[in-house]
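Examination of the molecular architecture
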Amino acid sequence: MSTERVIRELRYLLAEAGLSGSFLVRNLATGEEIGIDPDRELPVASLVKVPLAVAVSDRLHRGELDGATRVEITPGRTTSPGPAGLSQFRHPAAIAIDDLLYLTVAISDNAAADVLFDLVPPAEVHRAVREAGIAGIAVRHRLSDLAETPAERLGPGDTHLAHSLAIGSRTAGGGHPVQQLDVSRANSGSARAFVDLLQALWVPSRVPPEVAGRVRSLMARNVIRHRLAPDFACDASTWSSKTGTLLNLRHEVGVVEHEDGDTFAVAMLTESAVPAALQPAAEALMSRVARALHDRLRGG
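Here is what the cut-offs are and how they apply
- Residues numbered from 1 in each chain as written.
- Predicted model: local features only at pLDDT ≥ 70, side-chain atom pairs only at ≥ 80, totals over all residues.
- Heavy atoms only, no water.
- Helix = DSSP H or I, 4+ residues; strand = E, 2+ residues; numbered from the N terminus.
- Buried < 20%, exposed > 50% of the residue type's maximum accessible area, 1.4 Å probe, protein only.
- Contact = heavy atoms within 4.5 Å.
- Areas by Shrake-Rupley, 256 points an atom, 1.4 Å probe, with all protein chains shown as cover.
- Pairing = 2+ DSSP bridges.
- Axes fitted to C-alpha atoms, helices over the stretch in contact; angles between N-to-C directions.
- Parallel < 35°, antiparallel > 145°, perpendicular 65-115°, else oblique.
- Left-handed = near helix turned anticlockwise from the far one by under 90°.
- Nonpolar A, V, L, I, M, F, W, Y, C, P; charged D, E, K, R; others polar.

Looking only at helices and strands, one finds 11 helices and nine strands in the chain. For the chain, with 300 residues in total, the buried portion stands at 52%. Of the contacts made within the chain by residues no fewer than 6 positions apart, 67% connect residues no fewer than 24 positions apart. For the chain, the exposed surface amounts to about 12,900 Å²; the carbon and sulfur share of it is 51%.

Okay, structure coming up:
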């Protein structure tokens, strides 16, 4: 089957499931790649924590921050608590910067990420990504600035209404009345931009080796394994990744390293036209598309 036919059939499957987005798989040894709309820009939700980890790790590497420094955490900082992490704490705590990095990347803790954004503001994270030679990722906001969506205002019983608003209001240019979904106001990026970032972390680049190694280690510890991991993690390969989820957006970017030495960067940024918060079929299809693109590239 030709590559064109594979992509055409995958586009059909995505459309049938109400999914669209930006998709790219790249062989990090050869630079060969295959994708579907890889340059389409979308809000990135928690994927922004990877650039944040790069910027904070660089500060640690240069000695401008000390990983052992403890930061006092007071409950109640976050008005929209996440399912896990510091926003669920009931009592004050002191947490080291190194441990905040782990919480930010491995369990996608928004509150921990915002503590790190207090230390390295969004504009500095954006600059760090640019200095690493990565274009196409815009870091504009802390996580809490973008956390209060219509889903929180309407309540759990009206989640479908929040998703309907998210689905039906996007303009052709990526604008949206919900600021978290407007690519000109949200933290944003494309599949290609995130694959470029992953390549800079896995292949020698402008990113110092110590910084790249720290971020790779954090991504390898990602505990959110229900999206792409089922199709990439096994005894013969390792999967290091970061997810992002916001309203009708479901993303994951990561690197699969096979025991024979083949290494592929994968970026799947999707938005759904189905007004439902839980969509296991969409998660499964994302993984299926990612694996199909990977297998096509690896198999030649």
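Resuming the write-up.
To continue, consider the pairing of strand 9 (residues 263–272). With 10 of 10 residues buried, strand 9 is to be regarded as a mostly interior element. What you see with strand 9 is no split at all: Thr-263, Ala-265, Ala-267, Leu-269 and Glu-271 on one side and Phe-264, Val-266, Met-268, Thr-270 and Ser-272 on the other are buried throughout. For strand 1 (residues 19–27) and strand 9, the ladder comprises nine bridges, and the chain directions are antiparallel. Bridging across to strand 9, Phe-23 finds its partner in Met-268. When strand 8 (residues 249–258) meets strand 9, the two strands line up antiparallel, connected through nine bridges. Residue pairing in the sheet places Val-253 in a bridge with Ala-267 of strand 9.

Time to look at unusual backbone geometry. At Ala-45, a residue that is not glycine, the phi angle is positive and equals roughly 50°. With respect to the helices, strands and loops of the structure, Ala-45 is situated in the loop between strand 3 (42–43) and helix 2 (49–61). Relative accessible area serves as the criterion here: at 17%, Ala-45 is assigned to the buried category. The backbone of Ser-108 sits at a positive phi, close to 55°, despite the residue not being glycine. The topology assignment puts Ser-108 in the loop between helix 3 (97–106) and helix 4 (110–119).

What follows is about the packing of helix 2 against helix 3. At a minimum axis distance of 10 Å, the contact between helix 2 and helix 3 shows a crossing angle of 165°. Between helix 2 and helix 3, the crossing angle belongs to the class labelled roughly antiparallel. Here the hand of the crossing between helix 2 and helix 3 comes out left-handed. Touching Lys-49, Leu-52, Ala-53, Val-56, Ser-57 and Leu-60 of helix 2 are Ile-97, Asp-98, Leu-101, Thr-104 and Val-105, all from helix 3. Residues that form the contact of helix 2 with helix 3 fall into these classes: seven nonpolar, two polar and two charged.

Our next topic: the side chain of Ser-57. Mapped onto the secondary structure, Ser-57 falls in helix 2. Not counting the four nearest positions on each side in its chain, Ser-57 is found in contact with Leu-101, Val-211, Arg-214 and Val-215.

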